[in-house]
Amino acid sequence: QKYFTNILQISPEGQSVGLAFFRERGFHDDIIWKFLLGYSPEQRDALTSEALKEWFKMDYLVNTGVSIQKDDYKADRFRGRIIFPIHGLTGNVIGFGGRILRSDDKMAKYLNSPESDIYQKSRVLYGLYQAKQAIVKQEKCFLVEGYTDVLGLHQAGIENVVASSGTALTTEQIRLIKRFTSHITIIYDGDEAGVKASMRGIDMVLEEGLNVKVVPLPEGEDPDSYSKQLNATEFQQYIKENEKDFISFKTRLLMKDMEQDPVGKAGMINDVIRSISVIPDTVMRSVYIKESARLLDTEERILYSQVYRLRKKKAEDRFNKESRKEEIRIQSTPLPSFIKEIFSESQEKLLVRFLLQYGNEKLYEIQDEHAGNEYI
């Protein structure tokens, strides 16, 4: 991280390419330093060579994804990219995200560190280290999609914000947020892909028992770009005025062009019901059902019935799945050798039949000179 940051701030290439990019995107120097942003030079093995001179082991460089090695070939994974260090909860850098600046259809625009002993991307949220105190203080977490979205909101004065690090939102990431707050507001891009991403995220957040709201952005905007069109006060006011609970967001979104389409409306209602059915809290489910019945002009009892049916089916599926696992475990567990020696399969079945039919009855008694009469 120190290498990448120094290259960005001091080297001619870092300043003219990396630092220039951040400043052109409107990021102030205090944000660049706050997140320890960096740059990896175009030279094939600049970082790898420097690290080896400092006695870093090549195995560690490869296993953490900083370097690539194939036989005698050594290279930097992130060469020619601006660097976003990814911090763990304690502040240690555990991985990197890199964005390429030149146009190259053969190379991915964003590149993340591979999975390693210290970095599992499904369990990490970008910006959580910088945001955790603000999340606790404000009792809310804003969830965005990308690295620059986090930077843009911080610059707009909103510090309780994290990103899913360029990956689809995971249950582990939601539970990580839950350690600090039970309130999440999702801010995704205003295009179709962003809307779909927010729809997927809503159900996952609800299933973990958190309260979720959504801020829809104007079409074609993302949190970073839109935060720069407004000043900090205006952007925060926009969020306050446009923050919607998930029922209002989902129903209004799905109701477009469906007023005269009964089949489409039925599908939309079922979609909303599926979201409500995953909520673990009974009271919260009841509140959302009442609100949905009002917005969808549908009888509450019908929604209650459908939610109950979905929850019942999910519980049955979970029970059957666990039962199958237990059955497989039992079948795969070998019998002790002395059991095999004493009992045949037919004898085992006979013994089980006696236990089931006569388990509470005295069959006959035996005499034990030490313990008196014992019954079998």
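That block above? That's the structure.
Residues numbered from 1 in each chain as written. Predicted model: local features only at pLDDT ≥ 70, side-chain atom pairs only at ≥ 80, totals over all residues. Heavy atoms only, no water.

**Observations regarding the packing of aromatic side chains**
How two aromatic rings sit relative to each other is given by the distance of their centres and the angle of their planes. Applying the stated rule across the entire model yields 13 aromatic pairs. When the ring of tyrosine 3 is compared with that of phenylalanine 4, the centres are 5.9 Å apart and the planes differ by 65°; the resulting orientation is edge-to-face. Note on phenylalanine 4 and phenylalanine 96: the rings are 5.1 Å apart at their centroids and 85° apart in plane angle, and the pair reads as edge-to-face. Here phenylalanine 4, found in helix H1 (residues 2-10), pairs with phenylalanine 96, found in strand E5 (residues 93-100); they are 92 residues apart in sequence, far enough to count as distant. On the basis of relative accessibility, which here comes to 9%, the residue phenylalanine 96 falls in the buried class. Pairwise contacts between aromatic rings join Phe21, Phe22, Phe27, Phe35, Phe84, Tyr110, Tyr126 and Tyr147 into one cluster. (Phe/Tyr/Trp six-rings, centres within 6.5 Å; stacked < 30°, edge-to-face > 60°. Helix = DSSP H or I, 4+ residues; strand = E, 2+ residues; numbered from the N terminus. Buried < 20%, exposed > 50% of the residue type's maximum accessible area, 1.4 Å probe, protein only.)

**Some words on a nonpolar patch on the surface**
Together, Leu350, Phe354 and Tyr358 line one region of the surface with nonpolar side chains, adding up to about 250 Å² of accessible area. Within the secondary structure layout, leucine 350 lies in helix H17 (residues 345-358). (Patch = residues over 30% accessible without salt bridge, like charges linked within 9 Å, V, L, I, M, F, W, Y side chains within 5 Å. Areas by Shrake-Rupley, 256 points an atom, 1.4 Å probe, with all protein chains shown as cover. Salt bridge = Lys/Arg side-chain N within 4 Å of Asp/Glu carboxyl O.)

**Digging into the side chain of threonine 185**
By secondary structure assignment, the location of threonine 185 is in strand E9 (residues 183-188). Separated by 2.5 Å, the side chains of threonine 185 and glutamate 243 make a polar contact. (Polar contact = N/O pair within 3.5 Å; in protein donor to acceptor, adjacent residues only side chain to side chain.)

**Considering the pattern of salt bridges**
All chains considered together, the criterion is met by 14 salt bridges. With its nearest N and O atoms 2.4 Å apart, the salt bridge here joins glutamate 207 to lysine 314. Placement of glutamate 207 in helix H9 (residues 192-207) and of lysine 314 in helix H15 (residues 300-332) is noted, with a sequence separation of 107 residues between them. Judged by its relative accessible area of 38%, glutamate 207 is partly exposed. The partner of aspartate 224 in a salt bridge is lysine 228, and the shortest N-O contact between them spans 2.2 Å. Of this pair, aspartate 224 and lysine 228 both sit in helix H10 (residues 223-229), four residues apart, which is roughly one turn of the helix. Of the residues examined, aspartate 224 reaches a relative accessible area of 2% and is grouped as buried.

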